[in-house]
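# Examining the three-dimensional arrangement
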Amino acid sequence: MRIRDTTAPLRAWAVKGRRARTSFTTLVALAVTLVAPQGSAQTPLQAAAEDVQRAMTICLQNYRTPDAIGPAFLSVGFAYDPEDFAGEIVDWYRSGRSDVYLFVVGDPGQVTCGITTLSFGVGQAVPFVGQVLEIIAPGLFSPGDFEGGNILPGSPQAFGFECSGFSGLLPQRAVRVSLGAAGNDPTCVETGNTLITLNM
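Report on the accompanying structure.

Thresholds applied
- Residues numbered from 1 in each chain as written.
- Predicted model: local features only at pLDDT ≥ 70, side-chain atom pairs only at ≥ 80, totals over all residues.
- Heavy atoms only, no water.
- Helix = DSSP H or I, 4+ residues; strand = E, 2+ residues; numbered from the N terminus.
- Buried < 20%, exposed > 50% of the residue type's maximum accessible area, 1.4 Å probe, protein only.
- Contact = heavy atoms within 4.5 Å.
- Areas by Shrake-Rupley, 256 points an atom, 1.4 Å probe, with all protein chains shown as cover.
- Disulfide = S-S within 2.5 Å.
- Axes fitted to C-alpha atoms, helices over the stretch in contact; angles between N-to-C directions.
- Parallel < 35°, antiparallel > 145°, perpendicular 65-115°, else oblique.
- Left-handed = near helix turned anticlockwise from the far one by under 90°.
- Nonpolar A, V, L, I, M, F, W, Y, C, P; charged D, E, K, R; others polar.

Per the secondary structure count, the protein chain includes five helices and eight strands. Written out in order from the N terminus, the α and β elements of the protein chain read α-α-α-α-β-β-β-β-α-β-β-β-β. Looking at the protein chain as a whole, 46% of its 200 residues qualify as buried. Taking the contacts inside the protein chain whose residues are at least 6 apart along the sequence as the reference set, 55% of them involve residues at least 24 apart. Summed over all atoms, the accessible surface of the protein chain reaches about 9,800 Å², with 57% contributed by carbon and sulfur.

In C-alpha coordinates form, the structure reads like this:
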(Lines give C-alpha, C1' and ligand atoms only; values in the text may rest on other atoms or scores of the structure.)
Protein backbone atom coordinates (compact mmCIF):
# COMPACT_ATOMS: atom_id res chain seq x y z
CA MET A 1 0.00 0.00 0.00
CA ARG A 2 1.46 3.35 -1.03
CA ILE A 3 0.65 6.29 1.21
CA ARG A 4 -0.34 9.50 -0.56
CA ASP A 5 2.15 12.24 0.02
CA THR A 6 2.59 15.92 -0.55
CA THR A 7 5.18 18.20 0.96
CA ALA A 8 2.99 21.30 0.64
CA PRO A 9 1.41 20.90 4.11
CA LEU A 10 4.89 20.43 5.58
CA ARG A 11 6.11 23.66 3.97
CA ALA A 12 2.93 25.48 5.06
CA TRP A 13 3.48 24.27 8.61
CA ALA A 14 7.04 25.66 8.49
CA VAL A 15 5.85 29.06 7.30
CA LYS A 16 3.09 29.25 9.95
CA GLY A 17 5.31 28.00 12.75
CA ARG A 18 8.49 30.06 12.47
CA ARG A 19 8.76 29.94 16.26
CA ALA A 20 9.23 26.15 15.99
CA ARG A 21 12.13 26.39 13.53
CA THR A 22 14.32 23.95 15.44
CA SER A 23 11.54 21.37 15.42
CA PHE A 24 11.16 21.80 11.67
CA THR A 25 14.60 20.31 10.97
CA THR A 26 13.69 17.30 13.07
CA LEU A 27 10.29 17.04 11.41
CA VAL A 28 11.85 17.09 7.94
CA ALA A 29 14.22 14.30 8.96
CA LEU A 30 11.27 12.23 10.17
CA ALA A 31 9.03 13.07 7.23
CA VAL A 32 11.68 12.23 4.64
CA THR A 33 10.28 8.71 4.75
CA LEU A 34 7.05 10.07 3.29
CA VAL A 35 8.77 10.51 -0.05
CA ALA A 36 11.44 7.81 0.11
CA PRO A 37 10.95 5.09 -2.51
CA GLN A 38 10.01 1.75 -1.01
CA GLY A 39 13.05 -0.45 -0.56
CA SER A 40 15.51 2.46 -0.37
CA ALA A 41 18.10 2.44 2.40
CA GLN A 42 16.71 3.94 5.58
CA THR A 43 18.07 4.87 8.95
CA PRO A 44 16.40 3.33 12.02
CA LEU A 45 14.75 6.70 12.68
CA GLN A 46 13.31 6.85 9.15
CA ALA A 47 12.07 3.25 9.38
CA ALA A 48 10.35 4.01 12.69
CA ALA A 49 8.75 7.19 11.31
CA GLU A 50 7.45 5.31 8.28
CA ASP A 51 6.06 2.50 10.45
CA VAL A 52 4.33 5.01 12.74
CA GLN A 53 2.76 6.62 9.66
CA ARG A 54 1.65 3.22 8.33
CA ALA A 55 0.16 2.25 11.68
CA MET A 56 -1.75 5.53 12.00
CA THR A 57 -3.00 5.20 8.43
CA ILE A 58 -4.20 1.61 8.90
CA CYS A 59 -5.98 2.43 12.17
CA LEU A 60 -7.68 5.55 10.83
CA GLN A 61 -8.70 3.96 7.54
CA ASN A 62 -10.35 1.06 9.40
CA TYR A 63 -11.89 2.84 12.41
CA ARG A 64 -15.35 1.48 11.57
CA THR A 65 -14.13 -2.00 10.58
CA PRO A 66 -11.68 -3.09 13.30
CA ASP A 67 -11.64 -6.67 11.99
CA ALA A 68 -9.76 -5.33 8.93
CA ILE A 69 -6.98 -3.75 11.04
CA GLY A 70 -5.11 -6.98 11.81
CA PRO A 71 -4.94 -8.27 8.22
CA ALA A 72 -3.84 -4.80 7.07
CA PHE A 73 -0.91 -4.85 9.53
CA LEU A 74 0.09 -8.34 8.46
CA SER A 75 0.02 -7.27 4.80
CA VAL A 76 2.68 -4.58 5.44
CA GLY A 77 5.03 -6.85 7.40
CA PHE A 78 3.96 -6.49 11.03
CA ALA A 79 3.99 -9.69 13.11
CA TYR A 80 0.97 -10.67 15.22
CA ASP A 81 1.59 -11.33 18.92
CA PRO A 82 -1.66 -11.84 20.91
CA GLU A 83 -1.73 -11.47 24.70
CA ASP A 84 -4.37 -12.79 27.08
CA PHE A 85 -4.87 -9.92 29.52
CA ALA A 86 -7.22 -11.09 32.30
CA GLY A 87 -9.46 -12.93 29.85
CA GLU A 88 -9.42 -10.21 27.19
CA ILE A 89 -7.23 -10.79 24.15
CA VAL A 90 -5.06 -7.80 23.32
CA ASP A 91 -3.84 -7.82 19.72
CA TRP A 92 -0.18 -6.74 19.55
CA TYR A 93 1.63 -6.10 16.27
CA ARG A 94 5.39 -5.63 15.95
CA SER A 95 7.33 -4.26 13.02
CA GLY A 96 10.08 -6.45 11.66
CA ARG A 97 12.20 -3.49 10.50
CA SER A 98 11.91 -0.87 13.25
CA ASP A 99 11.25 -0.60 16.97
CA VAL A 100 7.55 0.22 16.41
CA TYR A 101 4.96 -1.95 18.10
CA LEU A 102 1.29 -1.38 18.80
CA PHE A 103 -1.84 -2.78 20.36
CA VAL A 104 -5.39 -2.76 19.04
CA VAL A 105 -8.42 -3.24 21.30
CA GLY A 106 -12.12 -2.65 20.88
CA ASP A 107 -15.05 -3.34 18.64
CA PRO A 108 -16.86 -1.45 15.86
CA GLY A 109 -18.26 1.00 18.42
CA GLN A 110 -14.93 2.01 20.00
CA VAL A 111 -11.45 1.12 18.77
CA THR A 112 -8.13 2.07 20.37
CA CYS A 113 -4.77 1.80 18.62
CA GLY A 114 -1.72 2.43 20.80
CA ILE A 115 1.44 2.93 18.70
CA THR A 116 4.83 2.95 20.45
CA THR A 117 8.25 3.91 19.14
CA LEU A 118 11.50 4.15 21.05
CA SER A 119 13.13 6.20 18.26
CA PHE A 120 11.77 9.67 19.02
CA GLY A 121 10.13 11.47 21.92
CA VAL A 122 6.99 13.55 22.30
CA GLY A 123 8.74 16.80 21.34
CA GLN A 124 9.35 15.40 17.86
CA ALA A 125 6.20 13.28 17.76
CA VAL A 126 3.64 16.07 18.23
CA PRO A 127 4.49 17.96 14.99
CA PHE A 128 5.15 14.69 13.14
CA VAL A 129 1.75 13.23 14.11
CA GLY A 130 0.08 16.50 13.06
CA GLN A 131 1.72 16.22 9.64
CA VAL A 132 0.70 12.57 9.24
CA LEU A 133 -2.90 13.40 10.19
CA GLU A 134 -2.93 16.18 7.58
CA ILE A 135 -1.80 13.68 4.92
CA ILE A 136 -4.32 11.00 5.98
CA ALA A 137 -7.32 13.29 6.57
CA PRO A 138 -6.60 16.81 5.24
CA GLY A 139 -8.25 19.54 7.30
CA LEU A 140 -10.15 17.17 9.61
CA PHE A 141 -7.94 17.32 12.73
CA SER A 142 -7.16 20.26 15.01
CA PRO A 143 -4.53 20.59 17.74
CA GLY A 144 -5.80 19.92 21.25
CA ASP A 145 -8.67 17.96 22.71
CA PHE A 146 -12.41 18.42 22.20
CA GLU A 147 -12.69 20.53 25.37
CA GLY A 148 -10.21 23.11 24.05
CA GLY A 149 -7.23 21.96 26.12
CA ASN A 150 -3.84 21.70 24.50
CA ILE A 151 -1.14 20.31 26.79
CA LEU A 152 2.23 20.39 25.02
CA PRO A 153 5.69 19.15 26.04
CA GLY A 154 7.27 21.65 28.42
CA SER A 155 3.97 23.13 29.64
CA PRO A 156 3.24 23.16 33.40
CA GLN A 157 0.55 20.45 33.04
CA ALA A 158 2.88 18.16 31.05
CA PHE A 159 4.17 16.33 34.12
CA GLY A 160 0.76 15.07 35.20
CA PHE A 161 -1.05 14.46 31.93
CA GLU A 162 -0.53 13.16 28.42
CA CYS A 163 -0.08 15.62 25.53
CA SER A 164 -3.47 16.71 24.23
CA GLY A 165 -2.47 15.88 20.68
CA PHE A 166 -5.24 16.29 18.12
CA SER A 167 -8.98 15.83 17.76
CA GLY A 168 -11.14 15.39 14.70
CA LEU A 169 -14.52 14.34 13.43
CA LEU A 170 -14.62 11.54 10.90
CA PRO A 171 -17.88 10.20 9.46
CA GLN A 172 -19.88 8.74 12.37
CA ARG A 173 -16.97 9.02 14.79
CA ALA A 174 -15.12 11.51 16.97
CA VAL A 175 -11.39 10.69 17.06
CA ARG A 176 -8.89 11.79 19.69
CA VAL A 177 -5.16 11.33 19.14
CA SER A 178 -3.10 11.77 22.32
CA LEU A 179 0.63 11.38 22.89
CA GLY A 180 2.84 10.66 25.85
CA ALA A 181 6.05 9.01 26.93
CA ALA A 182 5.88 5.26 26.30
CA GLY A 183 4.95 3.23 29.36
CA ASN A 184 2.07 2.68 31.73
CA ASP A 185 1.58 6.39 32.50
CA PRO A 186 2.06 8.27 29.21
CA THR A 187 2.77 11.80 30.46
CA CYS A 188 3.73 14.68 28.18
CA VAL A 189 7.41 14.68 29.14
CA GLU A 190 10.40 14.09 26.92
CA THR A 191 11.95 10.67 27.48
CA GLY A 192 13.08 9.87 23.93
CA ASN A 193 10.17 7.52 23.25
CA THR A 194 6.48 7.96 22.43
CA LEU A 195 3.09 6.30 22.80
CA ILE A 196 0.56 7.63 20.26
CA THR A 197 -2.99 6.64 21.21
CA LEU A 198 -5.82 6.84 18.67
CA ASN A 199 -9.22 6.58 20.36
CA MET A 200 -11.81 6.11 17.65
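Further notes follow.
For the rest of this paragraph, the subject is the state of the cysteines. For the structure on display, the rule yields two disulfides. Residue Cys59 pairs covalently with Cys113 via a disulfide, S to S 2.1 Å. The S-S bond linking Cys59 to Cys113 shows a torsion near -100°; that makes this disulfide left-handed. Taken as a pair, Cys59 in helix H3 (residues 44–61) and Cys113 in strand S4 (residues 110–117) lie far apart in primary sequence, 54 residues in all. Cys113 shares its class with Cys59; the two are buried. Each disulfide pairs two cysteine sulfurs, and for Cys163 the partner residue is Cys188, the sulfurs being separated by 2.0 Å. Here the disulfide of Cys163 and Cys188 is right-handed, its torsion about the S-S bond being about 90°. Here Cys188 lies in the loop between strand S7 (173–180) and strand S8 (194–199) and Cys163 lies in strand S6 (residues 163–170), a separation of 25 residues in the sequence. Neither Cys163 nor Cys188 differs from the other in exposure class; each is buried. Disulfides within the protein chain link the bonded cysteines, taken in sequence order, as 1-2, 3-4.

Before going further, it helps to spend a moment on the environment of Leu198. For Leu198, the location among the structural elements is in strand S8. Expressed as a C-alpha distance, the spacing of Leu198 and Leu179, which sit 19 residues apart in the sequence, is 8.9 Å.

Moving on, we get to the packing of H3 against helix H5 (residues 122–136). Remark: H3 packs on H5, axes separated minimally by 10 Å, with the N-to-C direction vectors making an angle of 45°. In terms of orientation, H3 and H5 fall into the oblique class. H5 is crossed by H3, and the crossing has right-handed handedness. Seen from H3, the contacting residues are Ala49, Val52, Gln53, Met56, Thr57 and Leu60; seen from H5, they are Phe128, Val129, Val132, Leu133, Ile135 and Ile136. Counted by class, the contact of H3 with H5 contains ten nonpolar, two polar and no charged residues.

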